[in-house]
Amino acid sequence: MKSKNLKIRIIGSPGSGKTYISSFLSKELNIKTTDLDNIFWNTSSTGNRIKNDYINRESRLNLILLNNSWIIDGVYINSWTFSTFSEADYILVIKTNKWTQYYRLFKRFFIRKFTNYRPKETLKDFKNLISWSFQYQIDLDNFIYTNSYSNKIIIIKTYKDLNYFLKLLN
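Please read these numbers as outputs of a predicted model, since none were measured by experiment.

1. A word on the overall build of the chain
Moving on, step 1. Tallying secondary structure elements over the chain gives seven helices and seven strands in all.
Moving on, step 2. Reading the chain from its N terminus to its C terminus gives the helix and strand order β-α-β-α-β-β-α-β-α-β-α-α-β-α.
Moving on, step 3. Once the C-alpha set of the chain is aligned to its principal axes, its extents read approximately 45 × 35 × 30 Å.
Moving on, step 4. When the 170 residues of the chain are sorted by exposure, 40% land in the buried category.
Moving on, step 5. Taking as baseline every contact in the chain between residues at least 6 positions apart, the subset at least 24 positions apart corresponds to 73%.
Moving on, step 6. Element-wise, carbon and sulfur atoms account for 54% of the exposed surface of the chain, whose accessible area totals about 10,200 Å².
Moving on, step 7. Positive and negative charge centroids in the chain, built from 26 and 13 side chains respectively, lie 6 Å apart.

In structure tokens:
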């Protein structure tokens, strides 16, 4: 499928499949994808993650938003990312079964824990991520149902939903 002038924002809980869907759509639509974690975090040569300051994040994000087409994925629903929602043609909300999501997070934790991935994750990090995911799901549901973007939102729960979205683009 050839790229159109198309802007897609993908959100969902950690482990929901945002990165997978973003990569899949990038290949199908021939549109560059950006993971907001790569803008939010600065990974030092030692592997430690440090938050980029607000001005750095905002300026890097604004450069991406200037493009005619983009796919942006990430969990962030706050002031520095609001422009991604207003600029997007579609907002894909990934709603994965919670047990699938927790399995993926557990698998990711083990891969990062026992490989050369930097930064190393601790069991405490994993526990905090699971706890944060519970609250995030509430915040995400509030976002879905209490914003002015409802005409752009498409809920993706299954591959069937994703295929429907691709057909919608043709």
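Still more to cover.
2. Topic: the side chain of K7
Moving on, step 1. Following the sequence through the fold, K7 ends up in strand β1 (residues 7-12).
Moving on, step 2. The class of K7 is buried, set by a relative accessible area of 15%.
Moving on, step 3. Leaving out residues up to four positions away in the same chain, K7 has contacts with L65, N67, N68, S69, W70, E87, A88, D89 and Y90.

3. Overview of the environment of N97
Moving on, step 1. Topologically, N97 is positioned in the loop between β6 (90-94) and α5 (98-113).
Moving on, step 2. On the accessibility criterion, N97 (46% relative accessible area) is partly exposed.
Moving on, step 3. Reaching out from N97, the side chain makes a polar contact with the backbone nitrogen of W99 at a distance of 2.7 Å.

4. Things to note about helix α1 (residues 18-29)
Moving on, step 1. Helix length check: α1, at 12 residues, gives a terminal C-alpha distance of 16 Å against a target of 16 Å (1.5 Å per residue), a fit within 8%.
Moving on, step 2. K18, I21, S22, L25, S26 and L29 are the residues of α1 that are buried. On an axial view of α1, the arc spanned by its buried residues comes to 140 degrees, and they lie on one face.
Moving on, step 3. Residues of α1 that are buried in the fold lie against β1, β2 (33-35), β5 (70-73), β6, β7 (153-156) and α7 (159-169).
Moving on, step 4. Where α1 ends, the next residue or the one after it, N30, has phi of about 55 degrees, a positive value.

5. Points about the confidence of the model for the chain
Low-pLDDT portions of the prediction should not be read for the details of their coordinates.
Moving on, step 1. Confidence along the chain averages 89 in pLDDT terms, with 94% of residues attaining 70 or more.
Moving on, step 2. Within the chain, the lowest mean pLDDT, 81, falls on strand β3 (residues 41-43), and the highest, 98, falls on β5.

Cut-off values and rules
- Residues numbered from 1 in each chain as written.
- Predicted model: local features only at pLDDT ≥ 70, side-chain atom pairs only at ≥ 80, totals over all residues.
- Heavy atoms only, no water.
- Helix = DSSP H or I, 4+ residues; strand = E, 2+ residues; numbered from the N terminus.
- Buried < 20%, exposed > 50% of the residue type's maximum accessible area, 1.4 Å probe, protein only.
- Contact = heavy atoms within 4.5 Å.
- Areas by Shrake-Rupley, 256 points an atom, 1.4 Å probe, with all protein chains shown as cover.
- Lys, Arg positive; Asp, Glu negative; His and termini not counted.
- Charge placed at Lys NZ, Arg CZ, Asp CG, Glu CD.
- Polar contact = N/O pair within 3.5 Å; in protein donor to acceptor, adjacent residues only side chain to side chain.
- Expected span 1.5 Å × (residues − 1).
- Arc of directions from axis to C-beta.
- pLDDT = per-residue confidence, 0-100.

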